[in-house]
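# Coordinate inspection notes
Here's the letter readout for the chains.
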Amino acid sequence: MIFIGIFTAAILAALYVSTIGRMEKATAAESIRLYCDAFVRQDEAAQKRLADYGAPTESFNMKAAFTNALQTTGAVLSPEEAAQLGDAYMESLRGATVETTVSEQGKDAATVEVTITRFDMQGAKEKASSLLRQRMKLDAPPEEIRRVAVEATAEAYRELAPVGTVTFYVPVRYNEKTRIWDPADPMQFGFDLSKQTMGVAE
């Protein structure tokens, strides 16, 4: 009986050591919600949880995804201008709402339905145009016009208004090492998030 007790205790100790420091396995919906909260809403608690999981996040850059999505609308921006608009846009994203559910589930692959706030980019464009008209001098050189236009657009982006929600689907795959579900294509995921929140047409 003593031997059995020692043997059982050894097994339990081995199991404890093998799992210590490992996060509880996340569902596909929880995983993508974490990514959205961490990188869209810039929630520090979600960022910490992803770091605790050891999630591969180096390919996920929402500001870069936003500027790429913005360029699909025909905007031609310098790197500095893109960064200025990207920072302003990211401020508005802190107020986004996110809901996630699993629409398809397999052993190592799934599809997650994401419903997220869509912002009034047309309204922001109109506000930026109004600000530009108010601030622009008639004899201003082209460089000054461009600078004021970028500043007005950034101001409008910082105050984006929500106009409902939009739903899209994210293919995900399970990472056995981190025990979390990752977007199958992180860069595409970031681009899709930016495109959907901006209301950019397919």
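One structure accompanies this document, and this report is about it. (Residues numbered from 1 in each chain as written. Predicted model: local features only at pLDDT ≥ 70, side-chain atom pairs only at ≥ 80, totals over all residues. Heavy atoms only, no water.)

### Some details on helix α8 (residues 186-198)
- With 13 residues, α8 extends 18 Å from end C-alpha to end C-alpha; this agrees with the ideal 18 Å at 1.5 Å per step.
- Looking at α8, one finds that the buried residues are Pro-186, Phe-189, Gly-190, Asp-192, Leu-193, Ser-194, Lys-195, Gln-196, Thr-197 and Met-198.
- Positive backbone phi, approximately 75 degrees, marks Gly-199, located one or two places after α8. (Helix = DSSP H or I, 4+ residues; strand = E, 2+ residues; numbered from the N terminus. Expected span 1.5 Å × (residues − 1). Buried < 20%, exposed > 50% of the residue type's maximum accessible area, 1.4 Å probe, protein only.)

### Some details on the packing of helix α4 (residues 62-71) against α8
- Following both chains from N to C, one finds α4 and α8 inclined at 60 degrees, their axes separated by 8 Å at the closest point. When the interaxial angle is binned, α4 and α8 end up oblique. Seen along the crossing, α4 lies across α8 with a hand that is right-handed. The segment α4 lies against α8, with Met-62, Ala-65, Phe-66, Asn-68, Ala-69 and Leu-70 engaging Gly-190, Phe-191, Leu-193, Ser-194, Lys-195 and Met-198.
- Its residues assigned to classes, the contact of α4 with α8 comprises 8 nonpolar, 3 polar and 1 charged. (Axes fitted to C-alpha atoms, helices over the stretch in contact; angles between N-to-C directions. Parallel < 35°, antiparallel > 145°, perpendicular 65-115°, else oblique. Left-handed = near helix turned anticlockwise from the far one by under 90°. Contact = heavy atoms within 4.5 Å. Nonpolar A, V, L, I, M, F, W, Y, C, P; charged D, E, K, R; others polar.)

### Some words on unusual backbone geometry
- At Gln-42, a residue that is not glycine, the phi angle is positive and equals roughly 55 degrees.
- One can find Gln-42 in the loop between α2 (28-39) and α3 (44-53).
- Relative accessible area serves as the criterion here: at 16%, Gln-42 is assigned to the buried category.
- You will see that Arg-179, though not glycine, has its phi angle at about 65 degrees, which is positive.
- Following the sequence through the fold, Arg-179 ends up in the loop between β3 (162-175) and β4 (180-183).

### With respect to the sheet that holds β4
- Read across the sheet, 4 strands follow the order β1-β2-β3-β4 without closing on themselves; strand pairing throughout is antiparallel. Lying at the two open borders of the sheet, with one neighbouring strand each, are β1 (98-105) and β4. Across the sheet, the axes of successive neighbouring strands diverge by a mean angle of 40 degrees, strand direction being ignored.
- Of the pairings in the sheet, the one linking strand β2 (residues 109-119) to β3 comprises 10 bridges and is antiparallel in character. (Pairing = 2+ DSSP bridges.)

### Quick notes on the environment of Ile-145
- With respect to the secondary-structure elements, Ile-145 resides in helix α7 (residues 142-158).
- On the basis of relative accessibility, which here comes to 35%, the residue Ile-145 falls in the partly exposed class.
- Considered as a pair, Ile-145 and Leu-132 are 13 residues apart in the sequence and their alpha carbons are 8.3 Å apart.
- Discounting chain neighbours no more than four positions away, the residues touching Ile-145 are Leu-132, Met-136 and Ala-140.

### Focus on the pattern of salt bridges
- Taken as a whole and assessed by the stated rule, the structure comprises 10 salt bridges.
- Residue Asp-52 pairs with Lys-48 through a salt bridge whose shortest N-O separation is 3.0 Å. Taken together, the residues span about one helical turn, with Asp-52 and Lys-48 both in helix α3 at a distance of 4 residues.
- Asp-52 sits in the partly exposed class, given a relative accessible area of 37%.
- Among the ionic pairs, Lys-63 bridges to Asp-87, the shortest N-O distance being 2.8 Å. With Lys-63 in helix α4 and Asp-87 in helix α5 (residues 79-93), this pair connects stretches of sequence that are 24 residues apart.
- Here Asp-87 falls in the partly exposed class, since its relative accessible area comes to 41%. (Salt bridge = Lys/Arg side-chain N within 4 Å of Asp/Glu carboxyl O.)

### Observations regarding the packing of α5 against α7
- Where α5 contacts α7, the two axes come as close as 7 Å, and the packing angle between them is 15 degrees. Between α5 and α7, the angle is such that the two are roughly parallel. Seen from above, α5 lies across α7 with right-handed handedness. Where α5 abuts α7, its residues Glu-81, Gln-84, Leu-85, Ala-88, Tyr-89, Glu-91 and Ser-92 lie against Arg-146, Val-150, Glu-151, Thr-153, Ala-154, Tyr-157 and Arg-158.

Without other data, these values stay purely geometric and don't point to any function.
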